[in-house]
Each structure stands twice: as C-alpha cells, then as structure tokens.
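Observations on the model geometry
The primary structure of each chain is shown beneath.
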Amino acid sequence: MVRKRIQRCFSRSLLCGLIQSNLWLYRSGTDLPREYCLNTRSTMASQESENRHLSIRETPAKSDYDQGLRGLTLDDVTPNSALVSCQHAFTGTRTTPIVTPIYHSVTYIMDKLEDAMSCFVDGGAIYSRISNPTCEATECAINALERGAGSLTFASGMAAVSSVFLGFLKTGDHVVYQMPCYPGTATALKHMAAHYQVELTYVTEVATEEFEKALRPNTKLVWLETPCNPNVLVVDIKAIIDLVKPRGILVGVDSTFASPYHQQPIKLGADFAMHSCSKYIGGHLDLIAGCVTTSTMEQWRVLKHMQSSFGNMLSPHDASLVLRGLRTLPLRMKKHSENALQLARFLDEHPKVERVHYPGLESHPQHEVAKKQMMGGFSAMIMAEIKGGSKGGATVAEGVRIFKLAVSLGGAQSILEHPYTMTHGRYLLSDAETKLSGVTPGMLRISVGIEDVEDLIADFKQALDKVDLS
C-alpha cells in the first residue's frame with residue numbers, strides 16, 4: 001500500500017515536471033522536438049490510464065451463478081431462470097451504509113433449516129410481517145430517546161394504541177382515562193367496552209385526586225394523554241404512577257403532543273409510552289405511523305406477538321421516513337418550542353382572545369407540572385379560544401394565510417384546526433362527550449411550525465383584526 005502511494009506521488013511529480021517543462025519551452029518560443037512531444041504524450045496517456053485504473057473497481061458485479069450456486073453455473077440454467085432466481089454475490093470489503101436501506105423484501109433466504117428458529121429466538125429477518133431491518137433500525141432509534149426495554153413501530157398511532165388495549169385488557173378489566181383525549185382513543189375504548197365487556201371510567205379533571213376517585217379493585221390500566229388533545233392540559237405522570245403502581249395497575253401515556261424529545265414517560269415510571277409518529281417524530285406530514293415503547297421485556301414481547309398476529313406493522317418505506325425524521329427531531333423541536341412560546345405570549349395578551357393554554361405560559365393551570373416533567377421546552381401545541389364563539393373561531397381559522405386549515409399536527413409547516421367542527425365534534429363524540437371535553441365553538445388547536453415567528457405572529461394579527469365583536 002505504501003509502495004503504491006509512493007509510486008503515485010512519483011508519477012504525479014513526474015507528470016507535473018513534464019508539463020512545466022513544456023510550458024517553459026512554449027513560452028520561451030523554443031521549438032519542441034517531435035520525439036520529445038511524442039514521449040510526453042505517451043507518458044501522460046500512461047498516467048491517465050493508471051488513474052482510471054485506480055478510480056474504478058477491477059471486476060463487475062457477479063451473481064451467485066457466476067460463483068457456482070451449489071454446483072450450478074449460468075451454463076446449467078436458461079437465461080430466463082437465471083434472471084428470475086439470481087442473487088448478487090457480494091465480493092470486496094464490507095461497508096455499512098450511513099443511511100439504513102429500505103428493505104422491501106417480503107422474505108429472506110436461509111442456508112439451514114435451523115436458521116428459522118434462530119431468527120425467531122435470537123432475532124433476524126425471516127418474514128417482514130415478523131421483522132424487517134428498516135423497521136428495527138427505526139425502533140432502536142426511538143428507544144435511544146425513550147430508554148425503555150424496547151420499542152415497536154406500527155402502521156398508525158391508533159394501531160399502536162389498540163395493540164396495547166388488545167394485548168393487555170380482558171373481559172372484566174377496568175380502564176380509567178381522561179376526557180378530553182384523542183377521539184380515536186375514546187372510540188377504541190368504547191369498542192372494547194361494547195365487544196369485550198371492559199369497564200370504563202373517564203375523568204374530566206387532570207388532578208391526581210380525580211384519578212384516585214375513579215380507581216376500582218379491577219382497574220387494570222390508566223391511560224393518560226399529556227399534553228392532552230385539544231385543551232393542552234398537562235397530567236402529572238409521576239404523581240399518577242406513584243398512586244397506582246403499588247396497586248399493580250399499568251400506566252400508558254400518549255405523549256404525542258410533547259414528542260419524545262421533550263417528554264419521556266418511561267423514565268418517569270410509565271409502562272407504555274405511545275406516539276403518533278405521523279406528528280413530530282416524522283415531522284413532515286408525509287407518513288402515517290405509530291410507536292410504543294415498553295418498560296419491560298415481557299410487555300415488549302406481548303406487543304410483538306400482537307403485532308405479528310394481527311399484522312399491524314409499519315411498512316419499511318414509512319419506517320425509513322420515520323427514521324429520517326428522528327435524525328432532526330432535536331433541532332426541529334427547539335425551533336418549534338421557541339416559536340410556540342412567542343406566539344402563545346402574543347395570543348395571551350390579545351384583546352380578542354378569551355384564553356390560551358400553552359404549558360410554557362405561567363398562566364397555564366399546570367405550568368409547574370410541565371416544568372417538572374417536560375425537558376428542553378414545552379413543544380408547540382397551543383389552544384386558543386377566540387372571542388365571538390363559533391363566528392370568531394371560524395373567522396380566524398379561515399382568515400390565516402401562512403397557517404393552513406387542516407387536521408393533524410407536528411409538521412414543519414404551521415397548521416391549525418377547529419376542534420368543535422373537525423376533530424372533536426359529533427362525528428366522533430356525542431354532544432355530551434364534546435361538552436365534557438370542554439371543547440367550545442371558539443376554540444382553535446394550533447400546531448406551530450418552524451417558519452420565522454415574526455411572520456406567524458403577523459399572520460395571526462391580521463386574522464384577528466377581522467374578528468367583529470360588535
């Protein structure tokens with residue numbers, strides 16, 4: 001290797017010397033002998049040939065038939081059979097791609113029968129419903145933040161939530177959950193009650209005492225959502241865990257509004273930390289996915305069994321998008337949070353805004369709890385109730401220009417929605433549930449993006465100017 005480097009350096013020096021000599025002779029007006037020019041061109045051509053040789057590999061890619069597939073060569077099969085069945089036979093130095101490839105393959109080749117059992121027990125790809133390298137790379141990245149026993153990715157946030165319910169609840173169990181919460185979660189729980197006779201109790205206040213009143217001897221799970229959707233109220237995760245853990249009750253936390261950057265429920269003692277990866281983790285509003293991190297290996301195995309049995313795994317393509325989003329999550333969340341705090345302060349002081357819920361504001365009812373359990377900021381979800389009821393809320397929702405009127409949240413782009421009409425209305429919740437959720441006609445759920453905050457504030461200012469309170 002050293003000798004080749006010396007030879008290359010010597011060759012380059014020689015070439016430079018020849019070129020400089022030619023230039024000197026040319027500039028001096030001296031005629032170059034024909035033999036000298038031919039020798040120079042020959043030397044340069046030889047050097048160019050060597051450089052080309054050093055810059056490319058010496059052999060083309062080969063198939064397993066080229067190397068002898070258990071005694072078979074290309075001469076032993078037809079071109080059509082070779083085309084369909086050949087595999088790349090890797091040769092050369094093994095390197096690792098810096099970006100995890102998208103493994104589209106459904107199944108994986110094994111050398112021996114016992115390889116199948118080894119994959120089941122020790123890990124390894126055998127069938128992509130059971131395990132896929134792209135999904136597993138994404139899961140280990142999520143767990144690097146959450147610090148649980150393990151993480152699993154699912155086809156959606158609701159697939160993640162329902163897997164926990166189906167995996168850990170049975171007939172006669174009791175669940176305590178809060179109202180408001182994501183309507184899909186409430187719908188899934190009502191399905192469990194109707195078809196599996198799981199008993200439900202909801203609380204309308206996030207105080208720990210309210211949860212304590214709702215507990216029963218058969219309570220199996222307390223499902224929290226913090227900050228909650230759409231009121232952005234904050235539940236004291238540690239206080240709830242200290243209350244129910246001595247009773248052997250499981251605690252699950254939907255931490256989607258916070259993102260795993262700002263809040264890690266497993267570290268606080270939760271059994272399950274769930275996220276809709278469609279939101280902050282993905283970060284670009286271009287995928288549907290969910291994830292659950294567990295506190296124990298046994299819990300992880302139960303969820304893994306549920307996933308492989310019901311087939312609600314994440315596609316490898318979407319897993320690659322989730323992994324891409326995770327790489328920039330810390331950078332995005334810092335900008336999200338900074339923008340949200342400034343916009344929340346503006347809205348909190350605006351005369352046409354009735355009230356604002358943002359965990360970073362001192363006026364937020366659980367500000368001290370948020371300071372204790374959220375790290376590095378307070379995420380970017382704001383609830384703002386506009387004066388003038390439904391008319392005021394609609395005027396702002398339809399009057400913004402940079403913010404887009406759309407459901408979902410957590411993307412780089414700023415969006416907002418009108419919960420009373422779009423997500424927490426009667427198409428998912430009854431009138432009574434909507435009222436219990438505290439959702440009002442003038443309420444807006446705001447997902448603050450990473451644009452320049454001056455533009456976002458100006459956008460809201462011009463929209464609020466259109467609100468007529470006369």
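Residues numbered from 1 in each chain as written. Predicted model: local features only at pLDDT ≥ 70, side-chain atom pairs only at ≥ 80, totals over all residues. Heavy atoms only, no water.

As recorded in an unreviewed UniProt entry, the chain goes by plant cystathionine gamma-synthase and comes from Elysia crispata. The UniProt entry for the chain carries the following comment under Sequence similarities (unreviewed entry): "Belongs to the trans-sulfuration enzymes family." Note on the chain: under the UniProt heading Cofactor (unreviewed entry), the record states "pyridoxal 5'-phosphate". (UniProt positions renumbered as here; feature names shortened; annotations may be inferred.)

We now examine the overall build of the chain. The secondary structure content of the chain amounts to 20 helices and twelve strands. In the chain, which comprises 470 residues, the share counted as buried stands at 48%. The contacts in the chain between residues at least 6 apart in sequence include a share of 72% that link residues at least 24 apart. Accessible area of the chain: about 23,700 Å², with a carbon and sulfur share of 56%. (Helix = DSSP H or I, 4+ residues; strand = E, 2+ residues; numbered from the N terminus. Buried < 20%, exposed > 50% of the residue type's maximum accessible area, 1.4 Å probe, protein only. Contact = heavy atoms within 4.5 Å. Areas by Shrake-Rupley, 256 points an atom, 1.4 Å probe, with all protein chains shown as cover.)

Counted by the stated rule, this structure contains one cavity of 30 Å³ or more. One number sums up the size of the largest cavity: a volume of about 70 Å³. Along the walls of the largest cavity sit 13 residues, with Ser131, Asn132, Cys135, Lys304 and Gln307 positioned nearest its centre. Listing elements by their share of the lining of the largest cavity, those giving two or more residues are α6 (133–146) and α13 (297–310). A total of three residues in the lining of the largest cavity trace back to one element, the largest contributor, which is α6. (1 Å grid on protein atoms, 1.4 Å probe; cavity = no way out; pocket = protein on both sides within 12 Å on 5 of 7 lines; lining within 4 Å. Points joined across faces, edges and corners; volume = space filled by probe spheres on them.)

With twelve residues, helix α7 (residues 157–168) should reach 16 Å at 1.5 Å per residue; the first-to-last C-alpha distance of 17 Å fits that figure. Every buried residue of α7 is listed here: Gly157, Ala159, Ala160, Val161, Ser163, Val164, Phe165 and Phe168. Its side-chain oxygen 3.4 Å from the backbone nitrogen of Met158, Ser156 forms the N-cap of α7. (Expected span 1.5 Å × (residues − 1). Polar contact = N/O pair within 3.5 Å; in protein donor to acceptor, adjacent residues only side chain to side chain.)

Across all of its chains, the model carries 15 salt bridges by this definition. The partner of Arg324 in a salt bridge is Asp286, and the shortest N-O contact between them spans 3.0 Å. Within this pair, whereas Arg324 is found in helix α14 (residues 316–327), its partner Asp286 is found in the loop between β6 (272–276) and β7 (290–294), the two being separated by 38 residues in sequence. With relative accessibility at 40%, the residue Arg324 sits in the partly exposed group. Across the salt bridge formed by Lys461 and Asp465, the nearest N and O atoms sit 3.5 Å from each other. (Salt bridge = Lys/Arg side-chain N within 4 Å of Asp/Glu carboxyl O.)

Take the packing of aromatic side chains next. Two aromatic rings, taken as a pair, are described by how far apart their centres are and by the angle between their planes. If you walk through the whole model with that rule in mind, you get four aromatic pairs. Ring centres of Phe165 and Trp223 lie 5.4 Å apart, and the angle between their planes is 75°; on these two criteria the pair is classed as edge-to-face. Of this pair, Phe165 sits in helix α7 while Trp223 is found in strand β4 (residues 219–225), placing the two residues 58 residues apart along the sequence. The same class applies to Phe165 and to Trp223, which are both buried. A centroid spacing of 5.1 Å and a plane angle of 80° characterise the contact between Phe403 and Phe460, whose relative ring orientation is edge-to-face. Pair noted here: Phe403 is in the loop between α17 (389–399) and β10 (404–405) and Phe460 is in helix α20 (residues 453–465), with a separation of 57 residues, a long-range link. What makes Phe460 buried here is its relative accessible area of 0%. (Phe/Tyr/Trp six-rings, centres within 6.5 Å; stacked < 30°, edge-to-face > 60°.)

In this section: the sheet that holds β10. If you walk across this open sheet you meet the five strands as β8-β9-β12-β11-β10, and the pairing is mixed. Taken across any chain shown, the strands that pair with only one partner, and hence form the sheet edges, are β8 (353–357) and β10. As defined by bridge partners, strand β11 (residues 415–417) adjoins strand β12 (residues 443–447) across three bridges and the pair is classed as antiparallel. Across the sheet, Ile415 pairs through a bridge with Ser447, a residue of β12. Against the sheet, helix α15 (residues 329–349) makes contact with β8, β9 (381–386) and β12, and its axis sits at roughly 15° relative to β9, the strand it touches most. (Pairing = 2+ DSSP bridges. Axes fitted to C-alpha atoms, helices over the stretch in contact; angles between N-to-C directions.)

With that settled, consider the sheet that holds β4. Spatially, seven strands are ordered β1-β7-β6-β5-β4-β2-β3 in an open sheet, and the strand pairing comes out mixed. In this open sheet, the two edge strands, each paired with only one partner strand, are β1 (150–154) and β3 (199–203). Strand-to-strand twist of the sheet, defined as the mean angle between neighbouring strand axes without regard to direction, takes the value 20°. In this structure, strand β2 (residues 174–178) lies alongside β3, joined through five bridges in parallel fashion. Along β3, the bridge assignment pairs Tyr177 with Tyr202. Across the sheet, helix α10 (residues 237–244) is in contact with β4 and β5 (250–254); its angle to β4 comes to roughly 175°.

Relative to the helices and strands, Ala412 resides in the loop between β10 and β11. Spatially, the C-alpha atoms of Ala412 and Val448 are 8.1 Å apart, while their sequence positions differ by 36 residues. In this view, Ala412 contacts Gly283, His336, Gly449, Ile450 and Glu451; residues no more than four positions away in its chain are not counted.

The subject of this paragraph is the pairing of β9. Buried residues dominate β9, accounting for six of its six residues. With burial as the criterion, each face of β9 is covered, one bearing Met381, Met383 and Glu385 and the other bearing Ile382, Ala384 and Ile386. The pairing of β8 with β9 spans four bridges and is classified as antiparallel. Residue pairing in the sheet places Val356 in a bridge with Ala384 of β9. Strand direction decides the pairing type here: β9 and β12, joined by five bridges, are antiparallel. Following the sheet pairing, Ile382 is matched in β12 by Ile446.

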